[in-house]
Each structure stands twice: as structure tokens, then as C-alpha cells.
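Letter by letter, the chains look like this.
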Amino acid sequence: MHHLETPSETWSEQAVRGYELNAWSICPRKCWFLQRQLVMEPHSPYVELGRLVHQQALEPSPHAENAYTEVPIENFARVDKIAGELVFEIKRSPRKSEAHRLQLLYYLYLLRERGLELKGVLYYPQQNRRETVELDAEGLASLQRALNAVQQLRQQPLPPHVPKPLSICRTCAYQELCWCEEETP
Ligand code: SF4
């Protein structure tokens, strides 16, 4: 079995969080802000909407296969549901599916390190869409790259420069920190 290098704990005495990987995959600058607790995200309507979808999916359902219970991994990660050999991660929209995939790969890795060899399912209830995610050699390699990059960002005194607005900036809660009015995407 492959083992990833454990992220250094010197930066904050904490292991890398799934949301750091998710943010890094979307925009490293966003990840840098999140790491420093510039938490404007909770006020974003998109974050609120995501939370609502999540909540609805987690609500008890008369159909057992649709009922979700969050499962903590020690005190720093939380997967949405483990059912048999499957780990579910619930998201609002597949638009950022690469970021979701990375986050789920990390959870699969953390579970594997704890003796559980499982497969992942990205579930988008609004689209009734499911994608299988496996922690194979390719998945491990991309996870290692992302963990290294996230760890590097933790050491970086300034946020990474983004030369021009990205399409994602339009829905990002850090927009005002990154772009002045005339540059608003
Ligand atoms: S506004 Fe754009 S550049 Fe700034 S953190 Fe968000 S996604 Fe990144």
C-alpha cells in the first residue's frame, strides 16, 4: 500500500482539512484566505444554498438508502455517509466536481489509513447524479500533489497572485478582496 507524506503540523498544529483541498483546486488564492480564517464564505448565498442542499439530503427519509448521517474522522474531517463499502460526499452542483473529487479522495485516504478500504461516491441530489471515486495510483498521485501545494500555501506570507478575474470569481465571497470595482468580473 502506498503511503502519503504526512502534512507537516508546524504551521497550525492541524492536519490539512478537506475544505482546503477543495478551495485549492478551485483557486489557490481562495485557499490561502480560508487557511487564515478570512471566513467570508459563510455569508455567501452560494455557500448557504450548498448548506441547504446538504441539510435536506441529511434529513431522515422513509427510504433507508436516502438517509444520511455525517461520520466524523477524529476531530478534523467529516464524511456525509458511509454505507457498506461506499463513502458518500453530497454536493449542490457538479460544476466543481474536480474539487469535490479531491476532497473525497482525501477522506478515502484518511479512512484507508485507519484500516477501512472503501470506495467513494460523489452525489449531486439536485441532478440525481452519482460519480464513483477510487483511491487508485492516479488518485493518490493527484492527492499528494494537492496536499503538498496546500502545505506550501500555509507557509506563504502573501496570497498567490491571480493575474485576471476567473469565471469562478463571480460567485466567490472573496471577490471584493481581490478585485476593485472596475475589475469586477
Ligand atoms: S475572487 Fe477569484 S481570485 Fe479571488 S479568491 Fe475568489 S476565486 Fe480566487
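Residues numbered from 1 in each chain as written. Predicted model: local features only at pLDDT ≥ 70, side-chain atom pairs only at ≥ 80, totals over all residues. Heavy atoms only, no water.

**Student:** Break down helix H2 (residues 28-35) for me, citing the residues and quoting the values.
**Tutor:** Of all eight residues that make up H2, seven are buried, and the element is covered over most of its length. Where H2 is buried, its residues contact helix H1 (18-26), helix H5 (137-155) and helix H6 (175-178). Just downstream of H2 lies Gln37, where phi reads positive at about 60°. (Buried < 20%, exposed > 50% of the residue type's maximum accessible area, 1.4 Å probe, protein only. Helix = DSSP H or I, 4+ residues; strand = E, 2+ residues; numbered from the N terminus. Contact = heavy atoms within 4.5 Å.)

**Student:** Please provide a residue-by-residue account of the site of the ligand, values included.
**Tutor:** Close to the ligand lie Cys27, Lys30, Val162, Ile168, Cys169, Cys172, Tyr174, Gln175, Cys178 and Trp179. Grouping the amino acids of the shell around the ligand by side-chain chemistry returns eight nonpolar, one polar and one charged. (Near = heavy atom within 4 Å. Nonpolar A, V, L, I, M, F, W, Y, C, P; charged D, E, K, R; others polar.)

**Student:** Outline the packing of aromatic side chains, supporting the account with residue identities and numerical values.
**Tutor:** In this structure the tally under the stated criterion is two aromatic pairs. Ring geometry for Trp32 and Phe33: centres 5.7 Å apart, planes at 80°, overall edge-to-face. Side by side, Trp32 and Phe33 carry an identical accessibility label, which is buried. Aromatic pair Phe33 and Tyr174: ring centres 5.0 Å apart, planes at 40°, arrangement tilted. (Phe/Tyr/Trp six-rings, centres within 6.5 Å; stacked < 30°, edge-to-face > 60°.)

**Student:** Lay out H5 with the relevant residues and their values.
**Tutor:** With 19 residues, H5 should reach 27 Å at 1.5 Å per residue; the first-to-last C-alpha distance of 28 Å fits that figure. Along H5, the residues that are buried comprise Gly139, Leu140, Ser142, Leu143, Gln144, Ala146, Leu147, Ala149, Val150, Gln151, Leu153 and Arg154. Tucked into the core, H5 has its buried residues touching H1, H2 and helix H4 (97-113). (Expected span 1.5 Å × (residues − 1).)

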